[in-house]
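# Structural description and commentary
The primary structure of each chain is shown beneath.
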Amino acid sequence: MPLPPPPLGDDDTTELNGRQVPVFLTTIRNTGPGSTAGMPAISLPAGTTPAGLPIGISLEALPGEDTALLASARLVEAALDRGRAPVS
């Protein structure tokens, strides 16, 4: 579920699909299980919200599949970069 970062100092709750949800519990549900299980993970930049806030995409793999994760991340990153102007 996409969830942009809340404004600084306003990080107790945020709106998600039209309702207020706790920020910490909502974000940790996506990263906590894999981290606890020792799964390799990577986060890639995936654009910005209409307000200019960064959006990322997280990928996870099975333990020991770091090389496969990096290869997948490379493909996703290339697909996301299509059509973007180079950063100078």
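Summary of the structure given here. (Residues numbered from 1 in each chain as written. Predicted model: local features only at pLDDT ≥ 70, side-chain atom pairs only at ≥ 80, totals over all residues. Heavy atoms only, no water.)

## Some thoughts on the overall build of the chain
Counting secondary structure elements, the chain contains two helices and four strands. Along the chain, helices (α) and strands (β) appear in the sequence β-β-α-β-β-α when read from the amino end. Relative to its 88 residues, the chain shows a buried fraction of 16%. At a minimum sequence separation of 6, the contacts of the chain that also span at least 24 residues come to 31%. (Helix = DSSP H or I, 4+ residues; strand = E, 2+ residues; numbered from the N terminus. Buried < 20%, exposed > 50% of the residue type's maximum accessible area, 1.4 Å probe, protein only. Contact = heavy atoms within 4.5 Å.)

## Notes on the nonpolar core
Grouped together as the largest cluster of nonpolar side chains are five residues: L44, L59, A61, L69 and A73. Excluding anything up to four places from it in sequence, A61 contacts M39, P40 and L69. (Core = buried A, V, L, I, M, F, W, Y, C linked by side-chain atoms within 4.5 Å.)

## What about the side chain of T49?
As for its position among the elements, T49 is in the loop between β3 (41–48) and β4 (54–60). Discounting residues that sit within four places of it in the chain, T49 has contacts with P4 and I55.

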